[in-house]
Amino acid sequence: YEIKLPYKFEKINIVAEANNPNAKISGDGRRYLNEGNNEYEVVVTATDGTTTTYKIIIIRENANDDVTLKNLIVEGYVLSPKFDKKVYEYTLNVDKDINEITINAEANLKGIGTHALATGENNIYVIVTAENGSEGKYKITINKNKGSSLLESLEIIDYDLDSEFNKDKFTYYVKINSN
């Protein structure tokens, strides 16, 4: 007999029942499975000493080693570059008034959900864990604009600045009359 089981099955219980209640059975009971082929024998011994052996082959699939995502979404935004499961780094720019973002993805992973954003560069990692324990890491760099505390213009009515206004210059002189 042969049966194929997914990786998630770690153990089985072999239960056998003989046609003759006086026959003895060996080889039944709980068995732990390794990846790949697992061979077990159940032996039925009749009262006259003759035996019949049943061979059971259980094939446990190998652990999945896929550490890629099916999809990666930052709600309300478009990642750069466009999502591709083989690309592990993305960038996103948001305005200064955005304080958090929500990340959604499909796979067995850590890092999805809502993340608070600080001004400047925010690195968020989405970690995919395969059945076999290996990990893949997707990085999203979110640049939150710092905003500006600079002036667009500066003017003093009825007076002239000593030089033309420049938003990166912070000191100006003005000549005023004594009256």
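Residues numbered from 1 in each chain as written. Predicted model: local features only at pLDDT ≥ 70, side-chain atom pairs only at ≥ 80, totals over all residues. Heavy atoms only, no water.

J.: How would you sum up the overall build of the protein? Please name residues and give values.
T.: Secondary structure assignment for the protein yields zero helices and 13 strands. A compact globule built from 179 residues should have a C-alpha radius of gyration of about 16 Å, whereas the protein, at 35 Å, is more than 25% larger. The dimensions of the protein, computed from C-alpha atoms along their principal axes, are 130 × 25 × 20 Å. Put simply, the protein has 179 residues, and 26% of those count as buried. Nonlocal contacts in the protein, meaning residues at least 24 apart in sequence, comprise 40% of its contacts between residues at least 6 apart. Charge-centre separation for the protein: the mean point of 21 positive side chains lies 5 Å from the mean point of 28 negative side chains. (Helix = DSSP H or I, 4+ residues; strand = E, 2+ residues; numbered from the N terminus. Rg over C-alpha atoms; globule rule 2.2 N^0.38 Å. Buried < 20%, exposed > 50% of the residue type's maximum accessible area, 1.4 Å probe, protein only. Contact = heavy atoms within 4.5 Å. Lys, Arg positive; Asp, Glu negative; His and termini not counted. Charge placed at Lys NZ, Arg CZ, Asp CG, Glu CD.)

J.: Which residues make up the nonpolar core, and what are the values?
T.: Core analysis: the largest hydrophobic core is formed by 17 residues, its most contacted members being Leu72, Ile103 and Ile142. Elements with a minimum of two residues in this core: strand 7 (72-74), strand 8 (89-94), strand 9 (100-105), strand 12 (120-129) and strand 13 (135-144). With residues near it in sequence (within four places) discarded, Ile142 still touches Leu92, Val94, Ile101, Leu117, Gly120, Glu121, Asn122 and Ile124. In this structure, Ile12, Leu33, Ile56 and Ile58 belong to the second largest nonpolar core, which totals eight residues. (Core = buried A, V, L, I, M, F, W, Y, C linked by side-chain atoms within 4.5 Å.)

J.: Can you break down unusual backbone geometry residue by residue, with the values?
T.: Negative phi is the rule for most residues except glycine; trans is the rule for most peptide bonds. Cis geometry marks the peptide bond from Ser80 to Pro81, where omega comes out at -5 degrees. Counting through the fold element by element, Pro81 comes out in the loop between strand 7 and strand 8. With a phi close to 75 degrees, Asp158 is a non-glycine residue in the positive phi region. Of note, Asp158 is situated in the segment after strand 13.

J.: Can you break down the packing of aromatic side chains residue by residue, with the values?
T.: Tallying each qualifying case throughout the model produces four aromatic pairs. Between the aromatic rings of Phe83 and Tyr138, the centroid separation amounts to 6.3 Å while the plane-to-plane angle is 40 degrees, which identifies the pairing as tilted. Here Phe83, found in the loop between strand 7 and strand 8, pairs with Tyr138, found in strand 13; they are 55 residues apart in sequence, far enough to count as distant. When its relative accessible area of 0% is taken as the criterion, Tyr138 is described as buried. Taken together, the ring pairs connect Phe83, Tyr88, Tyr90 and Tyr138 into an aromatic cluster. Positioned above the aromatic ring of Tyr7, the side-chain terminus of Arg60 is 4.4 Å from the ring centre. Lying over the aromatic face of Tyr125, Lys137 brings its terminal NZ or CZ to 5.1 Å of the ring centre. (Phe/Tyr/Trp six-rings, centres within 6.5 Å; stacked < 30°, edge-to-face > 60°. Lys NZ or Arg CZ within 6 Å of the ring centre and 35° of its normal.)

J.: Describe the pattern of salt bridges, and please don't skip the residues or the numbers.
T.: One pass over the full model with this rule turns up one salt bridge. Residues Lys55 and Glu39 are paired through a salt bridge, measuring 3.3 Å at the closest nitrogen-oxygen approach. Here Glu39 lies in strand 5 (residues 36-45) and Lys55 lies in strand 6 (residues 51-60), a separation of 16 residues in the sequence. (Salt bridge = Lys/Arg side-chain N within 4 Å of Asp/Glu carboxyl O.)

J.: Could you give an account of the side chain of Thr141, with specific residues and numbers?
T.: Tracing the backbone through its elements, the reader meets Thr141 in strand 13. A polar contact is formed between the side chain of Thr141 and the side chain of Asn123, at a distance of 2.9 Å. Apart from residues no more than four positions distant in its own chain, Thr141 is found in contact with Tyr90, Thr91, Leu92, Glu121, Asn122 and Asn123. (Polar contact = N/O pair within 3.5 Å; in protein donor to acceptor, adjacent residues only side chain to side chain.)

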